[in-house]
Every structure is written in C-alpha cells, then in structure tokens.
Amino acid sequence: IGRGDEMKQPRPYQNDAERAIVAAGRGRHVMAMATGTGKSVVARRLPRALNSHRSLVIAHTTELIDQLEDHMREENPDARVSVEKADRFVYVPRQSQFESKCREIVVASKDTLYAMDARRLKRFPRDWFDLIIIDEAHHANSKAESYLAVMKHFGALDENGKKVTSCPITVIGATATPLRGDSAA
C-alpha cells in the first residue's frame, strides 16, 4: 500500500472500490488496483467503512508496516492503532476483558505472527478480529505458510487450507497483481 497518500481526498474510483467492498459484505475479497492508484487510500478507510471493531492489517516488510501504521492513525484517530512485529507487542487482554469501547487496529508483520510455531499469532483469540486486510496480497498464495496460518487461525480457511462456506470475518487482499504470469505468487 503506497507512499505519499497523506490524507488525500479519495478519487471517484477509490470511492467506488470502497463502496464495492462494503456492498460485498463478509467474506474474502480482492481489491485489485494498478500500482499508484491509491490502494492505501481505500485500505485505510475500510476499518471505519466496514464498521470494524478490531482490524488486523498484515504486511511483509518493515517499510510497509511503518507506512500502514501511520496511514491507519491518520485516517482512524478514534482507534487504538498498535503494531505486532519483532520487539513490539500488542496487548491482548484475558477473555473476561475482551469488551473495549475503543476501535482497535493492529498492523502486523506476517513473519512475526508466524515465527516460533505461530506463538505470536496464537496470542490472539480466534474471534479477536472482524476484518483482516492483507497488503501485497499476491504474496498470500497457497504456498505461503505464514498467510495460510493466519487465515486458518481466524477462520477464513479451514484446517486443510480450503475456503470455508461461511467466512466469519471479512478479508480484503490489496494488490496490483492478483494473477501473476511468472508463478512467483
């Protein structure tokens, strides 16, 4: 999700993309937009547009995680935005303390969530998030164990990595290249 999008007003096609995602409802969706067309403008508006109480935004590089953290803070000033990567941990309360009046957005490293037998991922209860946004989603293919572990943990895929018929959360994959000809993703 790009650079230099500081609080830009959305363009009509970005508003259209947001409306289409909202209209699609719960489930797994791909937001395919060409490089430089403002996927980040749409993505950072989705937690509010989808009325998400707890959102997980996943990226694969430190640069993207830092950018996403900044974007989410700017667009969602009423939400608690935190980062789960390396030496930064998100506070996950015990079951009895789940209810929070504050919206939460966690920006996470897919590698951190998956490291050490997915220990960091398993800290989050299975029903913790109602929205997952995957940046550069073309990396989240059937061979990407880290992404598969996240989708399985939160119920977007079954334990065999297959799609579930009734997805309990909304998953948005943001990418400029949903289908790559080089088979790399």
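Below: a short report on this structure. (Residues numbered from 1 in each chain as written. Predicted model: local features only at pLDDT ≥ 70, side-chain atom pairs only at ≥ 80, totals over all residues. Heavy atoms only, no water.)

## A word on the overall build of the protein
Thought 1: Looking only at helices and strands, one finds six helices and six strands in the protein.
Thought 2: Ordered by position from the N terminus, the helices and strands of the protein form the series α-β-α-α-β-α-β-β-α-β-α-β.
Thought 3: Put simply, the protein has 185 residues, and 49% of those count as buried.
Thought 4: Approximately 9,700 Å² of the protein is accessible, and the part contributed by carbon and sulfur atoms is 50%. (Helix = DSSP H or I, 4+ residues; strand = E, 2+ residues; numbered from the N terminus. Buried < 20%, exposed > 50% of the residue type's maximum accessible area, 1.4 Å probe, protein only. Areas by Shrake-Rupley, 256 points an atom, 1.4 Å probe, with all protein chains shown as cover.)

## Quick notes on unusual backbone geometry
Thought 1: For asparagine 51, which is not a glycine, the phi torsion comes out positive at approximately 55°.
Thought 2: Note that asparagine 51 resides in the loop between helix 3 (46-49) and strand 2 (54-59).
Thought 3: Asparagine 51 sits in the exposed class, given a relative accessible area of 64%.
Thought 4: The phi torsion at aspartate 117 lies on the positive side, around 60°, for a residue other than glycine.
Thought 5: Locating aspartate 117 in the fold gives a position in helix 5 (residues 110-122).

## Here's the deal with the packing of aromatic side chains
Thought 1: Tallied over the entire structure, the rule returns two aromatic pairs.
Thought 2: Both rings, one in phenylalanine 129 and one in phenylalanine 154, keep their centres 5.3 Å apart while their planes meet at 80°; by these two values the pair is edge-to-face. Of this pair, phenylalanine 129 sits in the loop between helix 5 and strand 5 (131-135) while phenylalanine 154 sits in the loop between helix 6 (145-153) and strand 6 (170-175), placing them 25 residues apart in sequence.
Thought 3: Between arginine 54 and the ring centre of tryptophan 128, over which it is positioned, the NZ or CZ distance is 3.8 Å.
Thought 4: Against the face of phenylalanine 124 rests arginine 123, its NZ or CZ located 5.5 Å from the ring centre. (Phe/Tyr/Trp six-rings, centres within 6.5 Å; stacked < 30°, edge-to-face > 60°. Lys NZ or Arg CZ within 6 Å of the ring centre and 35° of its normal.)

## Some thoughts on the environment of isoleucine 21
Thought 1: Tracing the chain through its elements places isoleucine 21 in helix 1 (residues 12-24).
Thought 2: Sequence separation between isoleucine 21 and leucine 50 is 29 residues, and the spatial gap between their C-alpha atoms is 8.4 Å.
Thought 3: Excluding residues within four positions of it along the chain, isoleucine 21 makes contact with Met31, Val42, Leu46, Leu50 and Ile172. (Contact = heavy atoms within 4.5 Å.)

## With respect to the nonpolar core
Thought 1: Ranked by size, the top nonpolar core spans 27 residues in total, and within it Leu56, Phe124, Ile132, Ile134, Val150, Met151 and Phe154 carry the most contacts.
Thought 2: Looking at this core, the elements that each hand over two or more residues are strand 2, strand 4 (103-109), helix 5, strand 5 and helix 6.
Thought 3: Of the residues forming this core, the biggest block, five residues, is contributed by helix 6.
Thought 4: Excluding residues within four positions of it along the chain, methionine 151 makes contact with Ile132, Ile134, Ala156, Leu157 and Val171. (Core = buried A, V, L, I, M, F, W, Y, C linked by side-chain atoms within 4.5 Å.)

## Looking at the side chain of glutamate 104
Thought 1: Checked against the element boundaries, glutamate 104 lands in strand 4.
Thought 2: Not counting the four nearest positions on each side in its chain, glutamate 104 is found in contact with His53, Arg54, Ser55, Arg80 and Trp128.

## Here we look at the environment of proline 178
Thought 1: Relative to the helices and strands, proline 178 is located in the segment after strand 6.
Thought 2: In sequence terms proline 178 and methionine 31 are 147 residues apart; their C-alpha atoms lie 8.6 Å from each other.
Thought 3: Among residues more than four places away in sequence, those in contact with proline 178 are Val30 and Ala32.

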